[in-house]
Amino acid sequence: MIELDTLSVTFAAGSALRDISLKIAPGDRLGIVGESGSGKSLLASCLMGMAPDAATLSGTLTIDGVDMSDADEETWRPLRARRVAMIFQEPMSALNPLRRVGDTVAEPLRLHFGLSRDEAAKRVAELFAEVDLPNPERRARMFPHELSGGQRQRVLIALALACDPALLIADEPTTALDANVALQVTDLLVDLSEKRGMALVLISHDLASVARSTERVAVMYGGDIVERGGTDDVLHAPQHPYTQGLLAARPDPQAALRDEQGKRKRLPTIPGNVPPLSGLAQGCRFAGRCALERPDCATARPVPHGPRMLLCPVVEGAA
Amino acid sequence: MTYFILRRTLGFIGTLFAVSIVVFATMNILPGDPAMSILGLEATEDALAALREDLGLNAPVHIRYVEWITGAFVGDFGTSHSFRVPVSELIGERLGMTISLAVAGMLLTLVLALSLGIFAASKHRQIGDWGVMFLSQLGIAVPAFWLSILLVLLFAVKLRWLPPGGFAGWDDPVAAMRSLILPTVALALVQSSVLARVTRSSALEVMRQDFTRTARASGLSQRRILWRHVLPNALVPIVTIVGMQFAALVTGTIVIENVFYLPGLGRLIFQSISNRDLPTVQALVMLFAAIVVTANFIVDLLYVVIDPRLKARQ
């Protein structure tokens, strides 16, 4: 349905996505994880045709068999909301503050499907019920500032679902929410994806929610997908040094907080920071922070290999 | 909400009251004797004294204020010294002219400024944006009276499309409209230059907000996003400036009416000042001030209509 083949995005400062290849089939649930600045959100905006104007795209991006990598705004517009929809990080600011949320959700329905005001209102109430908003008719008449963060995110999910998209991209949908609300929202996304047979791309740095809700996962670092495979395989037996570091840096609630001497244990971290675009190595992006680094890692471009796709010349790939 | 409107209404009345005191006081501490300006320098002392008594100038100042302000409430501003008719009659004959000019100027300002401002914002850092910014800079720099003269020279003298000035009354509506075109344009060009810039920067700020991205992701056209989502959110600063501009347009009619020989309040105030016709000047200054205060009062109320969040906060 959606296929990326060696898609790259370059800015004046450097390349922000390198040779990304992905396939998303109907009903797939794919997690994309990585630190801030790894290119996850840029990848998502490419799938909506909403990459920044300053970006140069190369490679191909195919939606329903049509190559969209050079498509202009007018070609993209009919696909948005109807084939690919997206929800964003900040439910606080992602809704027009001057509009009743029901009108915001009704707008694409009326525009794309030509529904009348009453038909659209009826459909909005159904959508609100589908995303578990209590009292749908009353909620629809409220303004965003009258709703809680979790409710706003549900409104945004309803908006994204309005035109029956084949793929829903959720870009860190739960970052701004309380932990238990975040869990409900993630579960709702999985539910909806199963019920509607809708593909889901969940972008997150919360490994737990990705583990809970996706079948496959792609780990990104510095604009590369460094490791990709089944979610369970990758998260339980990470192979790329970066994935291993990312998982090790996760606090384990079961682990003791203090060591034998009674000192507070420090979380293991990956040494160094994500370098800026212009400072990324030409070879492996992780060179300079990697424990397994060989002398030629920084200059030689790694080749993806292994049954589980792995972007590291040092580690032997395994399933 | 009710509390908000109540507070604004009280503020509105209080401001008008303060304005009336300032206007009255200013007119009364002006040097010069109204009686002498009516009768001339050769008048006898007895005649002057009799006229002063007649005009009520000998009463204490607070009594005269109360008489003036209670009269003003029912539309009685006294008698004009130079025209020898009630001031209200003078105003009544000319108010329509000035209000039509100001309202037409405001409408043209809004149409020009909103479309140019939104256009410039949508072409941010492109040639269209620079073009609008250049033209508006020019519009701000050019004084209205000079622009009026240029417009007259081009459209009235050279091309002979429109009358150079004067107004023959509303009996012939087409002719009346034609004589209002140039003054309206002259008034609106300067104001719309300012407002277009405000619209542009306010719209640019809104376009950076996340909900425009949501709108785009919902497959809305850029045009719809700009006019239905960006503009309403950009309105608060725009409406603030519009309120101030309406005041500027009303007072701007003083210059424009004189350049185009239009029988409006602006021309009347100019003549009354030259004639030292104090009751007329006082009434007109009060009227202009009241229009300005009313415009700002309406703007205050509009904020709540535009932004439902304010309703909750009050």
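Residues numbered from 1 in each chain as written. Chains lettered and ligands numbered in written order. Predicted model: local features only at pLDDT ≥ 70, side-chain atom pairs only at ≥ 80, totals over all residues. Heavy atoms only, no water.

**Things to note about the overall build of chain A**
So, point 1. Per the secondary structure count, chain A includes 10 helices and 11 strands.
So, point 2. Taken over the C-alpha trace, chain A has a radius of gyration of 21 Å; the compact-globule value for 319 residues is 20 Å, and the two agree within 12%.
So, point 3. Principal-axis analysis of the C-alpha atoms places the extent of chain A at approximately 65 × 55 × 35 Å.
So, point 4. Looking at the 319 residues of chain A, the share that counts as buried comes to 51%.
So, point 5. For chain A, contacts bridging at least 24 residues in sequence account for 63% of all contacts bridging at least 6.
So, point 6. Surface accessibility of chain A: about 14400 Å² in total, with carbon and sulfur atoms responsible for 51%.
So, point 7. Between the mean site of the 35 positive side-chain charges and the mean site of the 41 negative ones, chain A shows a separation of 5 Å. (Helix = DSSP H or I, 4+ residues; strand = E, 2+ residues; numbered from the N terminus. Rg over C-alpha atoms; globule rule 2.2 N^0.38 Å. Buried < 20%, exposed > 50% of the residue type's maximum accessible area, 1.4 Å probe, protein only. Contact = heavy atoms within 4.5 Å. Areas by Shrake-Rupley, 256 points an atom, 1.4 Å probe, with all protein chains shown as cover. Lys, Arg positive; Asp, Glu negative; His and termini not counted. Charge placed at Lys NZ, Arg CZ, Asp CG, Glu CD.)

**Quick look at the interface of chain B and chain A**
So, point 1. If you look at the interface, chain B gives 20 residues, while chain A gives 24 residues.
So, point 2. When the two sides are added together, the surface that chain B and chain A hide from each other amounts to roughly 2100 Å², 59% of it contributed by carbon and sulfur.
So, point 3. Summed over the shared surface of chain B and chain A, the result is two salt bridges.
So, point 4. Among the salt bridges present, the one from Arg224 of chain B reaches Glu107 of chain A, with a minimum N-O distance of 2.6 Å. (Buried area = accessible area lost by both parts, 1.4 Å probe. Salt bridge = Lys/Arg side-chain N within 4 Å of Asp/Glu carboxyl O.)

**Re helix 1 (residues 2-29) of chain B**
All names here are of chain B.
So, point 1. An ideal rise of 1.5 Å per residue puts 40 Å on 28 residues; helix 1 measures up with 41 Å between its terminal C-alpha atoms.
So, point 2. Within the span of helix 1, buried status applies to Phe4, Phe12, Val19, Ser20, Val23, Phe24 and Met27.
So, point 3. The secondary structure elements touched by the buried residues of helix 1 are helix 4 (61-73) and helix 12 (278-306). (Expected span 1.5 Å × (residues − 1).)

**Brief notes about the packing of aromatic side chains**
So, point 1. Here the structure, examined in full by the defined rule, presents nine aromatic pairs over all chains.
So, point 2. On the numbers, 5.8 Å between centres and 45 degrees between planes, the contact of Phe155 of chain B with Trp161 of chain B is tilted.
So, point 3. The class of Phe155 of chain B is partly exposed, set by a relative accessible area of 23%.
So, point 4. Assessed through its relative accessible area of 52%, Trp161 of chain B is described here as exposed.
So, point 5. Each member of the aromatic cluster is reached from another via a ring pair, and the members are Tyr221, Tyr242 and Phe286 of chain A.
So, point 6. Between the NZ or CZ atom of Arg94 of chain B and the centre of the ring of Phe83 of chain B, over which it lies, the distance is 5.8 Å. (Phe/Tyr/Trp six-rings, centres within 6.5 Å; stacked < 30°, edge-to-face > 60°. Lys NZ or Arg CZ within 6 Å of the ring centre and 35° of its normal.)

**Focus: the nonpolar core**
So, point 1. Residues Trp68, Phe77, Ile91, Ile238, Phe246, Phe260 and Leu262 of chain B are the most contacted members of the largest nonpolar core, which totals 66 residues.
So, point 2. Residue contacts for Ile91 of chain B: discarding those within four places in its chain leaves Phe77, Leu265, Leu268, Ala283, Leu284 and Leu287 of chain B.
So, point 3. Core analysis: the second largest hydrophobic core is formed by 54 residues, Val124, Ala160, Met198 and Leu200 of chain A among them. (Core = buried A, V, L, I, M, F, W, Y, C linked by side-chain atoms within 4.5 Å.)

**Remarks on the sheet that holds strand 11 (residues 309-310) of chain A**
All names here are of chain A.
So, point 1. What the seven strands build is an open sheet, ordered 6-7-8-3-9-10-11; its pairing is mixed. A strand with exactly one partner marks an edge of an open sheet, and here the two such strands are strand 6 (84-87) and strand 11.
So, point 2. Relative to strand 11, strand 10 (residues 224-230) runs antiparallel, the two being bridged by two bridges. For Glu227, the partnering residue across the bridge sits in strand 11 and is Leu310.
So, point 3. Lying over the sheet, helix 6 (residues 149-161) contacts strand 6 and strand 7 (167-171), oriented at roughly 170 degrees with respect to strand 6. (Pairing = 2+ DSSP bridges. Axes fitted to C-alpha atoms, helices over the stretch in contact; angles between N-to-C directions.)

**What to know about the sheet that holds strand 5 (residues 66-67) of chain A**
In a beta sheet, neighbouring strands are held together by backbone hydrogen bonds and run either parallel or antiparallel to one another.
So, point 1. Pairing within the open sheet is antiparallel, and its four strands lie in the order 2-1-4-5 (chain A). One side of each edge strand has no neighbouring strand; the edge strands of this open sheet are strand 2 (14-24) and strand 5 of chain A.

**A word on the packing of helix 9 (residues 210-217) of chain B against helix 10 (residues 222-259) of chain B**
All names here are of chain B.
So, point 1. Orientation of helix 9 relative to helix 10, taken along the N-to-C sense of each, is 165 degrees, at an axis distance of 11 Å. By the angle between their directions, the pair helix 9 and helix 10 is classed as roughly antiparallel. Note on packing geometry: the crossing formed by helix 9 with helix 10 is right-handed. Where helix 9 approaches helix 10, its residues Phe211, Thr212, Ala215 and Arg216 are matched on the opposing element by Ile225, His229, Val230 and Asn233.
So, point 2. Of the residues contributing to the contact of helix 9 with helix 10, the split by class is four nonpolar, three polar and one charged. (Parallel < 35°, antiparallel > 145°, perpendicular 65-115°, else oblique. Left-handed = near helix turned anticlockwise from the far one by under 90°. Nonpolar A, V, L, I, M, F, W, Y, C, P; charged D, E, K, R; others polar.)

**Some words on the domain arrangement of chain A**
Residue and element names in this part refer to chain A.
So, point 1. Partitioning chain A into domains gives domain 1 (1-83 + 165-179 + 189-250 + 266-319) and domain 2 (94-164).
So, point 2. Taking the mean C-alpha position of each, domain 1 and domain 2 sit 30 Å from one another.
So, point 3. Taken residue by residue, the interface counts 12 residues in domain 1 and 14 residues in domain 2.
So, point 4. Where domain 1 abuts domain 2, roughly 1100 Å² becomes buried across the two surfaces, and 61% of that area is made up of carbon and sulfur atoms. (Domains from an automatic or database assignment.)

**Section: the state of the cysteines**
All names here are of chain A.
So, point 1. Counted by the stated rule, this structure contains zero disulfides over all chains.
So, point 2. Distance from the sulfur of Cys284, which forms no disulfide, to the nearest cysteine sulfur (Cys297) is 5.9 Å.
So, point 3. Among the residues examined, Cys284 registers a relative accessible area of 11% and is labelled buried.
So, point 4. Note on Cys290: no disulfide assigned, nearest cysteine sulfur contributed by Cys312 at a separation of 6.0 Å. (Disulfide = S-S within 2.5 Å.)

**Some thoughts on the confidence of the model for chain B**
All names here are of chain B.
So, point 1. A residue-level look at chain B finds 99% of positions with pLDDT of 70 or above and a mean pLDDT of 89.
So, point 2. Least confident of the elements in chain B is helix 13 (residues 308-313), whose mean pLDDT is 74; most confident is helix 6 (residues 127-141), at 94.
So, point 3. Predicted complex metrics record ipTM = 0.87 and pTM = 0.84. (pLDDT = per-residue confidence, 0-100.)

**Some thoughts on the pattern of salt bridges**
For side chains of opposite charge, pairing can occur when their charged atoms come near one another.
So, point 1. All chains considered together, the criterion is met by 23 salt bridges over all chains.
So, point 2. With a closest N to O distance of 3.2 Å, Glu74 of chain A and Arg77 of chain A form a salt bridge.

**Here we look at the side chain of Thr184 of chain B**
All names here are of chain B.
So, point 1. Tracing the backbone shows Thr184 in helix 8 (residues 173-207).
So, point 2. Taking the relative accessible area as the measure of exposure, Thr184 reaches 9% and is therefore buried.
So, point 3. Ignoring anything within four residues of it in the chain, the contact list for Thr184 reads Leu101, Ala104, Gly105 and Leu108.

**A short note on the side chain of Ser122 of chain B**
Residues and elements named next belong to chain B.
So, point 1. In this fold, Ser122 is placed in helix 5 (residues 87-122).
So, point 2. Given the relative accessible area of 19%, Ser122 is considered buried.
So, point 3. Among the polar contacts listed, one links the side chain of Ser122 to the backbone oxygen of Phe119, at a separation of 2.8 Å.
So, point 4. For Ser122, the contacting residues outside a window of four places in its chain are Met207, Gln222 and Leu226. (Polar contact = N/O pair within 3.5 Å; in protein donor to acceptor, adjacent residues only side chain to side chain.)

**Notes on a nonpolar patch on the surface**
Residue and element names in this part refer to chain B.
So, point 1. Together, Phe145, Trp146, Ile149, Leu150, Leu153, Val157 and Val255 make up an exposed nonpolar region whose accessible area comes to about 620 Å².
So, point 2. In terms of residue count, helix 7 (residues 144-158) provides more of the nonpolar patch than any other element does, six residues in total.
So, point 3. Within the secondary structure layout, Leu150 lies in helix 7. (Patch = residues over 30% accessible without salt bridge, like charges linked within 9 Å, V, L, I, M, F, W, Y side chains within 5 Å.)

**Quick notes on the environment of Pro60 of chain B**
Residue and element names in this part refer to chain B.
So, point 1. Following the sequence through the fold, Pro60 ends up in the loop between helix 3 (45-55) and helix 4.
So, point 2. Of the residues examined, Pro60 reaches a relative accessible area of 44% and is grouped as partly exposed.
So, point 3. Pro60 sits 101 residues away from Trp161 along the chain, and the two C-alpha atoms are 56 Å apart.

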